[in-house]
Amino acid sequence: MTGALRRVTVAPPAKINLSLRVLDRRADGYHELRTVFQTISLTDRLSIEFRPGRGQRVELESSLDIPAQDNLVVRAAQAVMAAAAIRGHVRFRLEKRIPAGGGLGGGSSDAAAVLLALPALAGRRLELDVLTGLAAGLGSDVPFFLLGGTAMGLGRGTEVYPLPDLPRLPGLLVLPAVSLSTAEAYRALDELTPPSATCHTKGFHVLTWCMGHGLTPDNWSRLGANDFEPYAFERYPELGRIVRRLRRCGASPAMMSGSGSSLFGLFRNREDAERARASFRGLRCESFYLVSRGRYRKAWWQSLMGHLQGGEEWPPRSRYVR
Ligand code: C5P
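Within every chain, residues take consecutive numbers counted from 1 along the sequence as written. Thresholds applied to this predicted model are a pLDDT of at least 70 for local features of residues and 80 or more for the giving and counting of side-chain atom pairs; totals over whole chains, interfaces and linings are not thresholded and use all residues. Only hydrogens and water are removed before side-chain values are computed, so all heavy atoms of the structure are retained for them.

A. Representation of the sheet that holds strand S4 (residues 45–52). The pairing criterion for strands is at least two bridges between them, as found by DSSP. The numbering of helices and of strands both runs from the N terminus, where a helix is a DSSP run of H or I of at least 4 residues and a strand a run of E of at least 2. Strand order in the open sheet formed by four strands is S1-S4-S6-S5, with mixed pairing between adjacent strands. Taken across any chain shown, the strands that pair with only one partner, and hence form the sheet edges, are strand S1 (6–10) and strand S5 (56–62). Recorded for the sheet is a direction-independent mean angle of 15° between the axes of neighbouring strands. With seven bridges joining them, S5 and strand S6 (residues 88–95) adopt parallel strand pairing. The residue of S6 that forms the bridge with Val 58 is Val 90. We call two residues contacting when some pair of their heavy atoms lies within 4.5 Å. Axis geometry follows a simple rule: fit a line to the C-alpha atoms, using only the stretch in contact for helices, then measure angles between N-to-C directions, giving values from 0 to 180 degrees. Sitting on the sheet, helix H1 (residues 72–83) touches S4, S5 and S6, and the angle it makes with S5 is about 160°.

B. Focus on the sheet that holds strand S3 (residues 31–43). Read across the open sheet, the four strands follow the order S2-S3-S7-S8; overall the sheet is antiparallel. Unpaired on one side and paired on the other, strand S2 (13–25) and strand S8 (159–162) mark the two borders of the sheet. Strand after strand, the sheet turns through a mean of 20° between neighbouring axes, direction not considered. Sheet analysis places strand S7 (residues 150–154) next to S8, joined by four bridges and oriented antiparallel. Pairing of Leu 154 across the sheet is with Glu 159, part of S8.

C. Spotlight on the packing of aromatic side chains. Each Phe, Tyr or Trp ring, with Trp reduced to its six-membered ring, pairs with another whose centre is within 6.5 Å; inter-plane angles below 30 degrees give stacked pairs, above 60 give edge-to-face pairs, and intermediate values give tilted ones. What the rule picks out here adds up to three aromatic pairs. Ring centres of Phe 37 and Phe 144 lie 4.7 Å apart, and the angle between their planes is 15°; this geometry places the pair in the stacked category. Here the residue Phe 37 occupies a position in strand S3, and Phe 144 occupies one in the loop between helix H3 (128–138) and S7, the gap between them amounting to 107 residues. Note on classification: 1.4 Å probe, protein chains only; a residue is buried when its accessible area is under 20% of the maximum for its type, exposed when over 50%, partly exposed between these limits. For Phe 37, a relative accessible area of 1% gives the class buried. Note on criteria: charge over ring means Lys NZ or Arg CZ within 6 Å of the ring centre, with the direction from the centre no more than 35 degrees off the ring normal. Lying across the ring of Tyr 30, Arg 156 places its NZ or CZ 4.3 Å from the centre. Over the ring of Tyr 289 we find Arg 270; its NZ or CZ atom is 4.9 Å from the centre of that ring.

D. Main features of the site of the ligand. In the neighbourhood of the ligand, the contacting residues comprise Gly 29, Tyr 30, His 31, Leu 33, Gly 139, Ser 140, Arg 156, Thr 182, Ala 183 and Tyr 186. The separation between an oxygen atom of the ligand and a polar side-chain atom of His 31 is 2.7 Å. N or O atoms closer than or at 3.5 Å make up a polar contact, with two conditions inside protein: a donor-capable atom paired with an acceptor-capable one, and, for residues adjacent in sequence, both atoms drawn from side chains. Within the backbone of Arg 156, one N or O atom sits 3.0 Å away from a nitrogen atom of the ligand. Each accessible area is a Shrake-Rupley result for a 1.4 Å probe, and residues are judged covered by the shown protein chains and nothing else. The protein chains hide 71% of the 450 Å² of surface that the ligand would expose on its own. Those elements that provide at least two residues to the shell around the ligand are S3 and helix H4 (182–191). No other element matches the three residues that H4 contributes to the shell around the ligand. Each residue gets one of three labels, nonpolar for Ala, Val, Leu, Ile, Met, Phe, Trp, Tyr, Cys and Pro, charged for Asp, Glu, Lys and Arg, and polar for the others, Gly among them. Residue composition of the shell around the ligand, by class: four nonpolar, five polar and one charged. Any residue with a heavy atom positioned within 4 Å of a molecule or strand is treated as near that molecule or strand.

E. Main features of the nonpolar core. Among buried residues, the Ala, Val, Leu, Ile, Met, Phe, Trp, Tyr and Cys ones that are joined through side-chain atoms within 4.5 Å form a nonpolar core. Formed by 49 residues in total, the largest nonpolar core has its most connected members in Leu 46, Ile 48, Phe 92, Leu 115 and Leu 118. Of all the secondary structure elements, the ones that give two or more residues to this core are S1, S4, H1, S6, helix H2 (106–121), H3 and helix H10 (293–304). Ranked by the residues each element gives to this core, the list is headed by H2, at ten residues. Sequence-distant contacts of Leu 118, defined by excluding residues within four places in its chain, comprise Ile 48, Phe 50, Ala 77, Val 80, Met 81, Ile 86 and Val 90. Of all hydrophobic cores here, the second largest spans 28 residues; its members include Val 178, Leu 239, Leu 246 and Leu 263.

This is how it looks when you write it as structure tokens:
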């Protein structure tokens, strides 16, 4: 027995880290983090077709050359189908635009998109805390994409707290053809002498205080830092040179995202961002805008409105917020 085909196309966005402080290695092997996540307008494209039926079948056609069972999209579908007892046939078509392995969270965003869209297509509802648990099981950056906008990430990065929206600032991503392994980067940090955790958290508290009070980047751009930069810039000095050039072009802040190797700069206006782009001829660049939580939620609502009940909130909000 099979039901009617339901389909949707969504545009999962990339993230940048406006600060990424790595504290100690924990007993579970992960590192304690203090980070600020931010969604940006560079997106992948994910088409999802769902036909209710017996059994659980998941297929993926992707421009990314890795086995389907290793793709976070497939793993997210299997996790959410098991959790919500969804039966049927799911087909994904994934068009990657966010470079993989660049510290931009593309795979994590695709996975979160599946957790949000598939239950809606299947007419099932999951509470945010259940979705967050599934998301954390898929990767440390996945829970953030259930929220979007500007958010503070604590713990291994999976405890996310919303911060006030920033203005829709323009930015530039510079994407060198260098791939850095996240696990390797964390191992390298363990070998460096860790600076005092108190010193890190103090700077981070000032940064999030400024952001929490709605201050503009002029007030806090120097407070953010990425603890992976010394390791990455020593291994690939061209990465440090790109950040310095972004700063000379007026970017504030300018830094690496995640464990690299993408570099970004935020600008006061589009003209400055375009002028900076022109000075990076020969390197892959992407222009972007910051995406607020409001825009993120609106994009979700517009994609899924045909599959949601009138007045329903999607993505769901935490029951503690209501
Ligand atoms: O959770 P995720 O799959 O993104 O993590 C990839 C790798 O990065 C982990 O295997 C771990 O080595 C490292 N990691 C870490 N501490 C974190 C997040 C990731 O050590 N908070």
